[in-house]
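Coordinate inspection notes
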Amino acid sequence: MAGIVEASAQHPKPEGALFSYGTAGFRMKANLLDSVMFRVGLLAGLRSKRLGGQTIGVMVTASHNVPEDNGVKLVDPMGEMLEASWEQYATLLANSTTDEELLENYELVFKKANIRADVPANVVYARDTRESGPALVQSLVDALNAAGTKSQDYGILTTPQLHYVVRCINTKGAYGEPTEEGYYRKIGDAYRVLMKGKHQNGPITIDAANGVGAPKMKKLAEYIGKDHFDYKIINDDVDTPSKLNHNCGADYIKTQQRMPPGTPVQPGARYASFDGDADRLMYFYIDFDNTFHMLDGDKIATLAASFIGDLARASGLNGLRIGVVQTAYANGASTAYIQKSLQLPTICTPTGVKHLHHAALKYDCGVYFEANGHGTVLFSPACLSTIASHEAQSPAQKTALDSLQALTDLINQTVGDALSDLLMVEVILAHKGWSPKEWDSTYTDLPNRLVRVEVNDRTIFQTTDAERKLVSPEGLQERIDALVGKYKLGRAFARASGTENAVRVYSESQTRGETDELAMKVRDLVAQF
Ligand code: G16
């Protein structure tokens with residue numbers, strides 16, 4: 001324990017800083033994160049001990065944020081986000097003011113979480129391509145070493161690759177081989193099975209946000225082979241740190257709803273954007289009249305849910321309970337389409353993969369996607385064994401069943417994964433023979449707008465009802481409601497971001513003009529605080 005105090009002295013907490021474990025871990029300006037990294041290293045070891053020595057993952061990334069930011073999040077044994085009840089310990093350690101107080105709190109977590117000191121701790125870690133990554137990883141390693149935690153460095157990975165590795169390790173290889181190559185093999189092989197006798201309708205152009213998704217997508221594509229996967233990659237400069245997520249990437253597509261500058265325009269062709277750590281995916285295309293169309297997480301969720309339903313029926317698997325999990329950002333038209341046309345149930349949860357993932361576990365097959373492109377599909381263990389043991393009654397059933405089986409391998413079930421999701425969409429479009437326009441025409445999105453508002457103190461914006469209503473500041477919700485009431489099919493809400501120092505405002509309504517007007521009016525209301 002004395003070693004911890006000594007090591008911690010090299011990583012002092014910045015005076016006055018207040019840290020909280022947000023939507024996706026700790027995230028802020030990288031120069032404030034040194035002490036947080038050290039303390040997360042301590043926590044990762046504690047978490048592993050608490051879980052009998054199972055391996056815990058630590059990912060150093062700030063995903064969609066600007067290049068100057070960085071962040072860190074913990075990955076639980078099955079590749080899911082850190083259990084919510086442990087976030088309080090993360091915050092407790094991160095906010096300890098002195099090294100001695102840190103040690104006291106470290107010992108307190110031992111007691112509160114009922115941890116046995118003699119259990120060995122195991123941690124694996126990786127980082128994205130941010131410039132600040134190596135130094136922050138060193139702070140993490142200092143803590144792992146000081147606490148005697150066994151650790152392994154996976155270098156540079158996408159966030160979902162680390163989640164995959166963690167699950168592989170803890171399932172002793174049942175989920176796959178716990179290496180980057182194992183990831184390409186599992187996903188690439190499944191893709192080849194699904195594309196047998198099918199072909200892509202021209203190449204897919206991938207905007208990799210100048211992030212880690214670029215080199216990793218290239219490796220995956222190389223594994224699959226040119227004959228099976230036709231793609232072009234743009235915004236793949238990981239050597240110029242300032243370019244990360246700048247005027248490109250999934251968040252840019254969602255908020256700007258236009259092509260990243262410099263993108264070669266080819267009407268009717270498919271385009272996709274990743275975010276900085278490749279856990280989000282957005283599709284888009286330019287119509288022949290030159291209009292931009294966004295195919296967001298809602299469109300991906302509906303595509304996946306309908307395809308899985310089709311495959312299950314064609315396999316003779318009846319009674320599979322498929323459900324779709326969304327957040328308040330889901331376009332109203334998508335929810336109506338899922339419920340009325342696909343006849344599937346939906347659940348609305350607060351923002352954050354941790355919430356959606358948890359809700360999706362309620363179904364045999366839970367499809368969860370945030371509109372911003374973060375999502376995946378979960379197959380319950382019972383569902384997986386039903387698929388594995390089902391006997392096809394005809395060659396057609398067998399073909400569908402093989403596809404369904406391969407789909408469960410293609411999809412990274414630990415967390416939303418841009419690479420795996422992209423291949424899933426490519427497979428579905430190839431099976432259906434759809435262009436992006438045909439996919440888009442399954443339902444028409446209500447015009448929508450997402451804006452970011454800088455405020456003095458985002459913590460005063462408290463919500464209820466899956467973040468659809470503000471309970472504080474007092475009176476603000478009533479004023480938003482009064483505005484919304486003036487627009488046909490109007491809907492709007494404001495909530496504090498858990499990853500950026502800002503409030504997000506979402507609006508949708510019948511027309512583009514009214515939607516933008518509503519968003520600006522709500523933004524102006526919020527900006528008064
Ligand atoms: C993270 C979370 C997502 C969330 C996003 C924005 O994504 O994993 O679930 O939608 O932040 O959250 P907020 O609106 O609270 O800032 P990423 O891709 O940035 O890790």
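On a predicted model such as this, the values are computed, not experimentally measured, just so you know. (Residues numbered from 1 in each chain as written. Predicted model: local features only at pLDDT ≥ 70, side-chain atom pairs only at ≥ 80, totals over all residues. Heavy atoms only, no water.)

**Some details on the overall build of the protein chain**
The secondary structure content of the protein chain amounts to 18 helices and 19 strands. Its C-alpha atoms give the protein chain a radius of gyration of 23 Å, near enough to 24 Å, the size a compact globule of 529 residues would have. Within the protein chain, buried positions represent 59% of all 529 residues. In the protein chain, of all internal contacts separated by at least 6 residues, the share reaching a separation of at least 24 is 70%. Surface exposure of the protein chain reaches about 20,500 Å², of which carbon and sulfur atoms provide 51%. In the protein chain, 54 positive and 63 negative side-chain charges are present, and the distance between their average locations comes to 4 Å. (Helix = DSSP H or I, 4+ residues; strand = E, 2+ residues; numbered from the N terminus. Rg over C-alpha atoms; globule rule 2.2 N^0.38 Å. Buried < 20%, exposed > 50% of the residue type's maximum accessible area, 1.4 Å probe, protein only. Contact = heavy atoms within 4.5 Å. Areas by Shrake-Rupley, 256 points an atom, 1.4 Å probe, with all protein chains shown as cover. Lys, Arg positive; Asp, Glu negative; His and termini not counted. Charge placed at Lys NZ, Arg CZ, Asp CG, Glu CD.)

**A few points about the UniProt feature "domain: Phosphoacetylglucosamine mutase AMG1" (unreviewed entry) in the protein chain**
Taken from the UniProt record, the annotation "domain: Phosphoacetylglucosamine mutase AMG1" (unreviewed entry) applies to residues 204–281 and 296–434. Along residues 204–281, the helical share is 24% and the strand share 18%, with 13 Å between the first and last C-alpha atoms. Taken end to end, residues 296–434 comprises 55% helix and 14% strand; its first and last C-alpha atoms sit 16 Å apart. (UniProt positions renumbered as here; feature names shortened; annotations may be inferred.)

**Let's talk about the nonpolar core**
Formed by 76 residues in total, the largest nonpolar core has its most connected members in Phe229, Phe274, Val367, Leu410, Leu422 and Met424. Counting residues per element, this core draws most heavily on helix 15 (residues 418–432), at ten residues. Setting aside anything within four residues of it in sequence, one finds Met424 in contact with Ile300, Ala304, Phe369, Val377, Leu407, Leu410 and Ile411. (Core = buried A, V, L, I, M, F, W, Y, C linked by side-chain atoms within 4.5 Å.)

**So, the sheet that holds strand 8 (residues 270–274)**
Taken in spatial order, the five strands line up as 7-6-8-9-10 in an open sheet, and their pairing is mixed. Two strands in the sheet have a free side with no partner beyond their single neighbour: strand 7 (231–234) and strand 10 (292–295). When strand polarity is set aside, the average angle formed by the axes of neighbouring strands in this sheet is 25 degrees. Here strand 6 (residues 204–207) pairs with strand 8 via four bridges, running parallel. In the strand pairing of strand 8, Ile204 is matched with Arg270. Seen against the sheet, helix 8 (residues 213–224) touches strand 6, strand 7 and strand 8 and runs at an angle of roughly 165 degrees to strand 7. (Pairing = 2+ DSSP bridges. Axes fitted to C-alpha atoms, helices over the stretch in contact; angles between N-to-C directions.)

**Focus on the site of the ligand**
Around the ligand, the structure places 20 residues, and the nearest of them are His64, Glu370, Ser497, Gly498 and Thr499. Note that an oxygen atom of the ligand is positioned 2.5 Å from one of the side-chain N or O atoms of Ser497. Within the side chain of Thr499, one N or O atom sits 2.5 Å away from an oxygen atom of the ligand. About the coverage of the ligand: the protein hides 99% of its 460 Å² of free accessible area. For the shell around the ligand, the class distribution of residues is two nonpolar, ten polar and eight charged. (Near = heavy atom within 4 Å. Polar contact = N/O pair within 3.5 Å; in protein donor to acceptor, adjacent residues only side chain to side chain. Nonpolar A, V, L, I, M, F, W, Y, C, P; charged D, E, K, R; others polar.)

**Focus: the UniProt feature "domain: Alpha-D-phosphohexomutase alpha/beta/alpha" (unreviewed entry) in the protein chain**
Following the UniProt record, one finds the feature "domain: Alpha-D-phosphohexomutase alpha/beta/alpha" (unreviewed entry) at residues 56–86 and 118–173. Annotated as 0% helix and 39% strand, the span residues 56–86 places its first and last C-alpha atoms 13 Å apart. Across residues 118–173 one finds 46% helix and 23% strand; the C-alpha atoms that close the span lie 26 Å apart.

**So, the domain arrangement of the protein chain**
Splitting the protein chain by domain gives domain 1 (2–156), domain 2 (183–294), domain 3 (297–440) and domain 4 (448–527). Placing a centre on the C-alpha atoms of domain 2 and another on those of domain 3 gives a separation of 20 Å. The interface of domain 2 with domain 3 comprises 37 residues on the first partner and 31 residues on the second. A combined buried area of about 2,900 Å² lies between domain 2 and domain 3, and 68% of that area is made up of carbon and sulfur atoms. On the domain 2 side of the contact with domain 3, Leu194, Leu281 and Tyr283 bury the most area, a combined 23% of that side's loss. (Domains from an automatic or database assignment. Buried area = accessible area lost by both parts, 1.4 Å probe.)

**Section: the pattern of salt bridges**
Applying the stated criterion to the full structure yields 35 salt bridges. Among the salt bridges present, the one from Glu508 reaches Arg491, with a minimum N-O distance of 3.2 Å. Of this pair, Glu508 sits in strand 19 (residues 503–508) while Arg491 sits in strand 18 (residues 491–496), and the two are 17 residues apart along the sequence. On the basis of relative accessible area, Glu508 is assigned to the buried category, the value being 2%. Residues joined by salt bridges that share partners form a network here, namely Arg452, Glu454, Glu500 and Arg504. (Salt bridge = Lys/Arg side-chain N within 4 Å of Asp/Glu carboxyl O.)

**Overview of the packing of aromatic side chains**
Across all of its chains, the model carries 16 aromatic pairs by this definition. When the ring of Tyr183 is compared with that of Tyr184, the centres are 5.5 Å apart and the planes differ by 80 degrees; the resulting orientation is edge-to-face. For Tyr183, a relative accessible area of 1% translates into the label buried. Among the aromatic residues, ring-to-ring pairing joins Tyr164, Tyr175, Tyr183 and Tyr184 into one connected group. Arg167 extends its terminal NZ or CZ atom over the ring of Tyr175, reaching a point 4.5 Å from the ring centre. The ring of Trp434 has Lys432 lying over it, and the distance from NZ or CZ to the ring centre is 4.8 Å. (Phe/Tyr/Trp six-rings, centres within 6.5 Å; stacked < 30°, edge-to-face > 60°. Lys NZ or Arg CZ within 6 Å of the ring centre and 35° of its normal.)

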